[in-house]
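Each chain is listed here by its residues.
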Amino acid sequence: MTSHSGDTPGDFGRDLLSNLYYQRGTTLESASSQDAYHSLALTVRDRLVDRYIRTAAAHYRANPRFIYYLSAEYMLGKQLDQNLLYSGTEECARRALDGLGLSLPDLVALDIEPGLGNGGLGRLAACLLDAMATQDIPAVGYGIRYDFGIFKQAFQDGGQVERPDDWAFYGNPWEFHASDDQQTVGFYGHVEPLEGVRKSWVPGEIVLGEPSHMLVPGHGTSTVNIIRLWRARASRESFDLSRFGAGQYGEAVEEIVRSENISKVLYPDDSTELGRELRLKQQHFLVTCALRDIVRRFRLRNSDWDAFAGKVVIQLNDTHPVMAIAELMRMLVDEEGLEWDRAWAITRRTFAYTCHTLLPEALETWPVALVRRLLPRHMEIIFLINHLFLREVAARYPGDDAKLRELSIIQEGAEQRVRMAHLAVVGSSAVNGVAELHSRLLAATTLHGFAELWPGRFHNVTNGISPRRFMRLANPRLSGLITERLGDAGWLTDLDRLSQLESAADDPGFRERWRAVKRLNREDLAAEVLAVTGVVLDPDALCDVMIKRFHEYKRQLLRVLHVVALYHRIRRGEVADVVPRSIVFGGKAAPGYYAAKRIMRLANSVADLVNEDPAVSPYLRMVFLPDYNVSRAQVIIPAADLSEQISLAGKEASGTSNMKLALNGALTIGTLDGANVEIRDRVGAEHFFLFGLDITGVTALEKRGYVPRMYYDRDTELREVLDTVAGYDKEIVDDLLDRDEYLTLADYRGYVDCQDEVARAWRDQESWTRSSILNTARSGFFSADRTVRDYCRDIWHVTPVRADS
Ligand code: NBG
């Protein structure tokens, strides 16, 4: 076998031409740009394959405990930039391509972004996989290979329009197909008794799960893990030839279409559960394929079921994969013939569950009737789990029926429903929230009864981000400066070393260079904004960034209100407290989320208002960059000076853009919500702009009775702002005055005054730069490597295995 591994430009160029010839069947002279891109991708991928094979061999030898990360979403970002970096071939590829008359940036631009997620939850999954590989943790990520990822966002008359994301239209060069590792997944049907609790489920419909995997390389190590994605296929007999012969072409492929629809599209809503049957099918499809694959892998080296939980940790990323608890019980009891109690002990030890929300509407429940129809045996198993669990609760709280109702996995009412979060807690050995405040609130409110019952089961693991993706790849200039200052690039895998930048904050020469980097990054962003939207940004203006999904609780509306206030001040010539700013928005709204879409439209109208007014635009420009995704994030974040983290306290579980922005030297304006609290604790209160109600204030105000109209009556500037907004959208203003569920008006004055403080601080560029450097220097804690270490220590109890061991 000829190895594709040399690390000179000559070797690289030779392998690229070979891939062009043998994989694409063409030559340099006749290659299309897709041919060139695919050959480059394959050449880079080849350089990771060898490491992957060695990793797999080392894992086989060591037979270690594995982390199996189950997630319905992954936001992987572009692979080419990452894999060039991780394979150490960036420079040699550039030179090889130069020699062949090809341009690396042009080909990088063709790279696809698999948008297999909605937002923070999916990106977190990708950052954790990256960090696990980087720390040599034996791990596999399992997910769904949606044909269509998160929709592409465009604006029409300021409103969001969604277009399908056929992300692998030209093929995905990063993916290995393994059609012979197919699994079968059943749906519907009926249950037949065997002996005792053991039953036999006879599904009424069978779908095939076909896996493919992508490589997940670690940085600075030989380890290459994989993420395995499943795609639904109809069985070979599904095509109805007789109907086709009779001219019924649609009917002939009906079954194929029905089966393959399961992995057709990612649900584009990250908060409210629509309770659609197809969604539940997706979940069951994912967990069945993953579990069968996990068992197959377990059996390569082990046979005794009692060893299972010692070798397998299944981390449930939110409730989407929680049906796995019932499915594993079904496999162990019905298929493997284990006693219920033994199976339950194994199951409970195997699973761990991460909760990512506090919003009640995001806590998934499924109608019992639906589950019973789609997964009849699973429904029985859930009832039995619940029965045994409630017996335990009754023993602990004798006569307390309210307690039983509160904790039950089944929610009673007009329609019985399965509470997936309750099933997750009951069936796991560990439960964690994603920031200190969030974990505290989970135990105090949402999951209070469970935390009282099993305090030892509850943990906090504060989220983290990949410094490779969000610093080294996104911000090569700042990375270069940091590496120069620290002497080597080791900080990329040991992010606490950024603390060595503390002294640099007091070095005027270093500050100057830091500012120069920010300036260049703002120029890059301005170029992108111009190309995409036609809006001209001033690269010297303060770059004020709010990038996240559109949600009322995140309060993009509050951001817009401040812009309108600034607009009026500038129009009146009250510019004493105004500094030139570029307001940058990015984020998608769920297609059916009417209120969020209204706010988006308003944001676009306000952007037009300020940009088109020659009296205002020297001070203020505003742009809504459409189709926010990981690639866009990599351009926006390095340019940011101010990070908007302004959710209503108690609503944002953690946030992760807050971490990415702080790491890149943006100062935060924020509330005491999610991980903002920990960011402020670490970077220091004097380098963080705090405003707004905290959780105690929110609770007290809601208890007193919140009257939003009062703020309108008392605050003349707010009145002017809302009157302007009413000219665009009266419904938004009516809702604010009458209801204002997220206390926007209560926090308005504090926010606007705090923004004035930001402007004053910006005027002193030396001191601002110092704060910026200190934000970076003190953000080491937010590395996903630390997050993974926390999981390993508190929940997973796994040890690294080195590929070269
Ligand atoms: C999101 C939270 C964020 C958090 C990410 C990652 C869901 C259900 N939750 O605050 O809203 O940062 O998860 O943990 O998408």
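As shown above, the structure is provided for reference.
**Q** Even after reading the chapter, I still don't get helix α34 (residues 784-796), so can you show me in this structure?
**A** Three or four residues apart is the spacing at which side chains of an α-helix point the same way, because the helix has 3.6 residues per turn. Look at α34: only 15 Å from first C-alpha to last across 13 residues, short of the 18 Å you get at 1.5 Å a residue. In terms of burial, α34 is a largely internal element, ten of the 13 residues being buried. Among the residues of α34, Ala784, Asp785, Arg786, Thr787, Val788, Asp790, Tyr791, Cys792, Ile795 and Trp796 are the ones counted as buried. N-cap assignment for α34: the residue whose side-chain oxygen lies 3.0 Å from the backbone N of Asp785 is Ser783.

**Q** Is there a simple way to think about the sheet that holds strand β22 (residues 620-624) in this case?
**A** The six strands are arranged β22-β21-β20-β23-β24-β25 in an open sheet whose pairing can be described as parallel. The sheet is open, and its two edges are formed by β22 and β25 (689-690), each paired on a single side. As defined by bridge partners, strand β20 (residues 542-547) adjoins strand β23 (residues 642-645) across two bridges and the pair is classed as parallel. Of the residues in β23, the one forming a bridge with Val545 is Ser643.

**Q** Quick question: what am I supposed to make of the site of the ligand here?
**A** Taken together, 13 residues are adjacent to the ligand, and His356, Asn463, Glu652, Ser654 and Gly655 come closest. His356 places a polar side-chain atom, nitrogen or oxygen, 2.6 Å from an oxygen atom of the ligand. Taking Ala653, its main chain carries an N or O atom lying 3.4 Å from an oxygen atom of the ligand. Summarising the interface, the protein chains cover 90% of the accessible area of the ligand, which totals 380 Å² for the free molecule. Among the cavities detected, the one that contains the ligand is the largest cavity. Here the residues of the shell around the ligand are counted per class, giving five nonpolar, six polar and two charged.

**Q** Just checking my understanding: could you explain the pairing of strand β6 (residues 159-163) for this structure?
**A** On a regular strand, each side chain points to the face opposite its neighbour's, so the side chains alternate between the two faces of the sheet. Sheet analysis places strand β5 (residues 152-156) next to β6, joined by five bridges and oriented antiparallel. Bridge pairing in β6 links Gln153 to Glu162. Here β5 folds back onto β6, and the loop between the two strands holds two residues, one of which, Asp157, carries a positive phi near 50°.

**Q** What exactly am I supposed to notice about the nonpolar core here?
**A** Nonpolar side chains in soluble globular proteins generally cluster together in the buried interior. In this structure, Leu70, Met132, Ile385, Leu501 and Trp796 are the most contacted members of the largest nonpolar core, which totals 194 residues. With ten residues, helix α10 (residues 277-301) is the largest single contributor of residues to this core. Among all residues touching Trp796, those that are not within four sequence positions of it are Arg65, Ile67, Met132, Val313, Gln315, Val788 and Tyr791. With 68 residues, the next largest nonpolar core counts Phe585, Ile669, Tyr706 and Leu743 among its residues.

**Q** Explanation requested: a nonpolar patch on the surface in the structure shown.
**A** A contiguous nonpolar surface patch, about 430 Å² in accessible area, is contributed by Phe239, Leu241, Phe244 and Tyr249. Relative to the elements of secondary structure, Phe244 occurs in helix α7 (residues 241-245). By relative accessible area, Phe244 is classed as partly exposed at 38%.

**Q** How do you make sense of the layout of surface pockets when you look at a structure like this?
**A** Considered as a void within the structure, the largest pocket measures approximately 750 Å³ in volume. Lining the largest pocket are 23 residues, with Asp81, Val108, Leu473, Gln634 and Val635 positioned closest to its centre. Within the residue set of the lining of the largest pocket, elements represented by two or more residues are α3 (80-86), α4 (90-99), α5 (104-110), α20 (467-473), α21 (476-486), α22 (508-533) and α25 (630-639). For the lining of the largest pocket, the element with the most residues is α25, which contributes five residues. Classifying every residue of the lining of the largest pocket by side-chain character gives eleven nonpolar, four polar and eight charged. As for the second largest pocket, its lining consists of 28 residues, of which Ala56, His59, Phe66, Arg297 and Leu300 are closest to the centre. Of all the secondary-structure elements, those providing two or more residues to the lining of the second largest pocket are α2 (33-62), β1 (66-70), β4 (139-144), β12 (224-233) and α10. Per-element accounting of the lining of the second largest pocket gives the leading share, six residues, to α10. In terms of residue class, the lining of the second largest pocket is made up of 15 nonpolar, six polar and seven charged.

What counts as what
- Residues numbered from 1 in each chain as written.
- Predicted model: local features only at pLDDT ≥ 70, side-chain atom pairs only at ≥ 80, totals over all residues.
- Heavy atoms only, no water.
- Helix = DSSP H or I, 4+ residues; strand = E, 2+ residues; numbered from the N terminus.
- Expected span 1.5 Å × (residues − 1).
- Buried < 20%, exposed > 50% of the residue type's maximum accessible area, 1.4 Å probe, protein only.
- Polar contact = N/O pair within 3.5 Å; in protein donor to acceptor, adjacent residues only side chain to side chain.
- Pairing = 2+ DSSP bridges.
- Near = heavy atom within 4 Å.
- Areas by Shrake-Rupley, 256 points an atom, 1.4 Å probe, with all protein chains shown as cover.
- 1 Å grid on protein atoms, 1.4 Å probe; cavity = no way out; pocket = protein on both sides within 12 Å on 5 of 7 lines; lining within 4 Å.
- Sits in = over half its atoms within 2 Å of the grid points.
- Nonpolar A, V, L, I, M, F, W, Y, C, P; charged D, E, K, R; others polar.
- Core = buried A, V, L, I, M, F, W, Y, C linked by side-chain atoms within 4.5 Å.
- Contact = heavy atoms within 4.5 Å.
- Patch = residues over 30% accessible without salt bridge, like charges linked within 9 Å, V, L, I, M, F, W, Y side chains within 5 Å.
- Salt bridge = Lys/Arg side-chain N within 4 Å of Asp/Glu carboxyl O.
- Points joined across faces, edges and corners; volume = space filled by probe spheres on them.

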